[in-house]
Amino acid sequence: MNQSSEGDRIDLAMFYLSHRDIVKALIQAHKRGATLRILLDPNEDAFGRKKNGIPNRQVASELNQAGIAVRWCDTHGEQCHSKLMLTRPINDSAELLLGSANFTRRNLDDLNLETNVVLVGDPSLSAVVDAAAFFDLYWRNAPNQYFSRPYEYYADESRLRYWRYRLMEATGLSTF
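Note that this is a predicted model, so its numbers are computed, not measured. (Residues numbered from 1 in each chain as written. Predicted model: local features only at pLDDT ≥ 70, side-chain atom pairs only at ≥ 80, totals over all residues. Heavy atoms only, no water.)

### Brief notes about the packing of aromatic side chains
Tallied over the full model, the rule gives ten aromatic pairs. Ring centres of Y16 and F176 lie 5.8 Å apart, and the angle between their planes is 50°; on these two criteria the pair is classed as tilted. Placement of Y16 in the loop between strand 1 (9–14) and helix 1 (20–31) and of F176 in the segment after helix 5 (159–171) is noted, with a sequence separation of 160 residues between them. When its relative accessible area of 7% is taken as the criterion, Y16 is described as buried. Residue classification places F176 among the buried residues on the basis of a relative accessible area of 4%. Through a chain of ring-to-ring contacts, the aromatic side chains of W72, Y151, Y153 and Y154 assemble into a single cluster. Sitting over the face of the ring of Y153, R149 holds its NZ or CZ atom 3.9 Å from the ring centroid. (Phe/Tyr/Trp six-rings, centres within 6.5 Å; stacked < 30°, edge-to-face > 60°. Helix = DSSP H or I, 4+ residues; strand = E, 2+ residues; numbered from the N terminus. Buried < 20%, exposed > 50% of the residue type's maximum accessible area, 1.4 Å probe, protein only. Lys NZ or Arg CZ within 6 Å of the ring centre and 35° of its normal.)

Here you go:
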């Protein structure tokens, strides 16, 4: 992500996205000309309980304001629990990151025990092709099948909730 530049592609599907270093790296990759597509859970439901959208809606607002394409998983009581990042540099090997870690302080800064695997190789590897097809299907939807919704559907520009998310991320006083 930190080396991405013009012509490179990054697709990210994530249940929770809140880690400040990751958010900054995504914005910087976009500024360097990489094409990013971010697919997030709307943080509307968790185990049968309604949620307030924190942290994804606040991070999505920040990414959207930076010009990064964001869509929401079209959930109906379930969670979009994916943790996938596919980077496809224009002149290099693809990298597919899969696992259990959300991109949050709690998951990436050793507060939870998580496991991820990175597959590095030719973009024509079947795992890379399959991951790209999965992401494209969820991003674009299919005839009479809806897997995602546009950013505006769950957009939340509340500054109060934004700063609440930032405090929760900084202190670790959160469930994400």
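### Topic: the sheet that holds strand 9 (residues 148–150)
Taken together, the seven strands give an open sheet; going across it, the order is 8-7-6-1-2-5-9, and neighbouring strands pair in mixed fashion. Of all strands in the sheet, those with a lone pairing partner are strand 8 (116–121) and strand 9, marking the two edges. Strand-to-strand twist in this sheet, taken as the mean axis angle between neighbours without regard to direction, amounts to 15°. Helix 1 contacts strand 1 and strand 2 (35–40) of the sheet and is inclined by roughly 145° relative to strand 2. Along the sheet, helix 2 (residues 56–65) makes contact with strand 1, strand 2 and strand 5 (69–73), crossing strand 5 at roughly 155°. (Pairing = 2+ DSSP bridges. Axes fitted to C-alpha atoms, helices over the stretch in contact; angles between N-to-C directions. Contact = heavy atoms within 4.5 Å.)

### Observations regarding the nonpolar core
In a soluble, globular protein the nonpolar side chains are often hidden away together inside. By size, the foremost hydrophobic cluster in this structure holds 33 residues, and its most contacted members are L17, L26, I38 and L63. Elements supplying a minimum of two residues to this core: strand 1, helix 1, strand 2, helix 2, strand 5 and helix 5. By residue number, the principal contributor to this core is helix 1, which donates six residues. Those residues in contact with L17, other than ones at most four positions away along the chain, are L12, I22, L26, I38, L40, P55, N56, V59, L63 and F103. Core analysis: the second largest hydrophobic core is formed by 13 residues, C73, C80, F135 and W139 among them. (Core = buried A, V, L, I, M, F, W, Y, C linked by side-chain atoms within 4.5 Å.)

### With respect to the pattern of salt bridges
For the coordinates displayed, the defined rule picks out eight salt bridges. Between K50 and D45 there is a salt bridge; the shortest N-O distance is 3.0 Å. Note that D74 and R149 form a salt bridge whose closest N and O atoms lie 2.7 Å from each other. Here R149 lies in strand 9 and D74 lies in the loop between strand 5 and strand 6 (83–88), a separation of 75 residues in the sequence. (Salt bridge = Lys/Arg side-chain N within 4 Å of Asp/Glu carboxyl O.)

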